[in-house]
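Descriptive structure summary
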Amino acid sequence: MFLRLAQQHQEFIQDLVMNLQALTITLDGRGYTASCYTCGDKMQSASFMVSLGDKHLIRFLVSDYGITWMELWDDRELMKLEGAEAISQLQELANIVKYSHAVQLTN
């Protein structure tokens with residue numbers, strides 16, 4: 001049972017890293033400065049960052065050790081979330097990007 005759970009966890013992390021890479025490409029295409037760095041080719045961890053404006057930075061870290069969302073303003077930490085809350089906040093970011101693009105298409 002534990003080996004199966006470990007395998008599922010690794011697959012979850014890999015899926016999350018792939019989605020971060022896709023979000024980076026989307027954000028870059030929309031004019032945001034974004035990056036996603038992975039360690040090695042197994043995609044077991046990633047560091048994702050996006051600048052949402054002057055002095056406003058989002059950092060999302062994922063690895064086998066945990067998942068963290070940090071929002072910074074002028075190099076000061078505004079918010080730090082971990083686990084499911086961090087992933088929910090990442091979804092909020094993706095929704096904002098998706099919604100803002102839909103609004104631009106209709107205008």
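Note that this is a predicted model, so its numbers are computed, not measured. (Residues numbered from 1 in each chain as written. Predicted model: local features only at pLDDT ≥ 70, side-chain atom pairs only at ≥ 80, totals over all residues. Heavy atoms only, no water.)

Here we take up the side chain of His-56. Among the structural elements, His-56 can be located in strand 3 (residues 56-63). A relative accessible area of 17% means that His-56 is categorised as buried. Only 2.6 Å separates the side chain of His-56 from the side chain of Glu-71, close enough to count as a polar contact. (Helix = DSSP H or I, 4+ residues; strand = E, 2+ residues; numbered from the N terminus. Buried < 20%, exposed > 50% of the residue type's maximum accessible area, 1.4 Å probe, protein only. Polar contact = N/O pair within 3.5 Å; in protein donor to acceptor, adjacent residues only side chain to side chain.)

Time to look at a nonpolar patch on the surface. Where nonpolar side chains cluster on the molecular surface, the patch consists of Met-1, Phe-2 and Leu-5 and spans about 370 Å² of accessible area. Mapped onto the elements, Met-1 comes out in the segment before helix 1 (2-29). (Patch = residues over 30% accessible without salt bridge, like charges linked within 9 Å, V, L, I, M, F, W, Y side chains within 5 Å. Areas by Shrake-Rupley, 256 points an atom, 1.4 Å probe, with all protein chains shown as cover. Salt bridge = Lys/Arg side-chain N within 4 Å of Asp/Glu carboxyl O.)

Moving on, we come to the environment of Gln-21. Position of Gln-21 relative to the elements: it lies in helix 1. Considered as a pair, Gln-21 and Phe-48 are 27 residues apart in the sequence and their alpha carbons are 8.1 Å apart. Excluding residues that lie within four positions of it along the chain, Gln-21 makes contacts with Cys-36, Thr-38 and Met-43. (Contact = heavy atoms within 4.5 Å.)

The next thing to look at is the pairing of strand 5 (residues 76-82). In the sheet, strand 4 (residues 66-73) pairs with strand 5 via six bridges, with the strands oriented antiparallel. Bridging from a neighbouring strand, Leu-72 pairs with Glu-77 of strand 5. The loop that links strand 4 with its antiparallel partner strand 5 comprises two residues; one of these, Asp-74, has a positive phi angle of about 55°. (Pairing = 2+ DSSP bridges.)

So, about the nonpolar core. Considering soluble globular proteins, one finds that nonpolar side chains tend to be buried as a cluster. Residues Leu-20, Phe-48, Phe-60, Val-62, Trp-69, Leu-90 and Leu-93 are the most contacted members of the largest nonpolar core, which totals 22 residues. Breaking this core down by element, the ones donating at least two residues are helix 1, strand 1 (33-38), strand 2 (46-53), strand 3, strand 4 and helix 2 (84-106). Broken down by element, this core gets its largest block of residues, six residues, from helix 1. If we skip the residues at most four places from it in the chain, Phe-48 touches Leu-20, Leu-23, Thr-24, Leu-27, Ser-35, Cys-36, Ile-58, Arg-59, Phe-60, Leu-90 and Leu-93. (Core = buried A, V, L, I, M, F, W, Y, C linked by side-chain atoms within 4.5 Å.)

The next point concerns the side chain of Glu-71. On the secondary structure map, Glu-71 appears in strand 4. Arg-59 provides the closest opposite charge to the buried, salt-bridge-free Glu-71, at an N-O distance of 13 Å. With residues up to four places along the chain from it excluded, the contact list for Glu-71 reads His-56, Leu-57, Ile-58, Arg-76, Glu-77, Leu-78 and Met-79. (Lys, Arg positive; Asp, Glu negative; His and termini not counted.)

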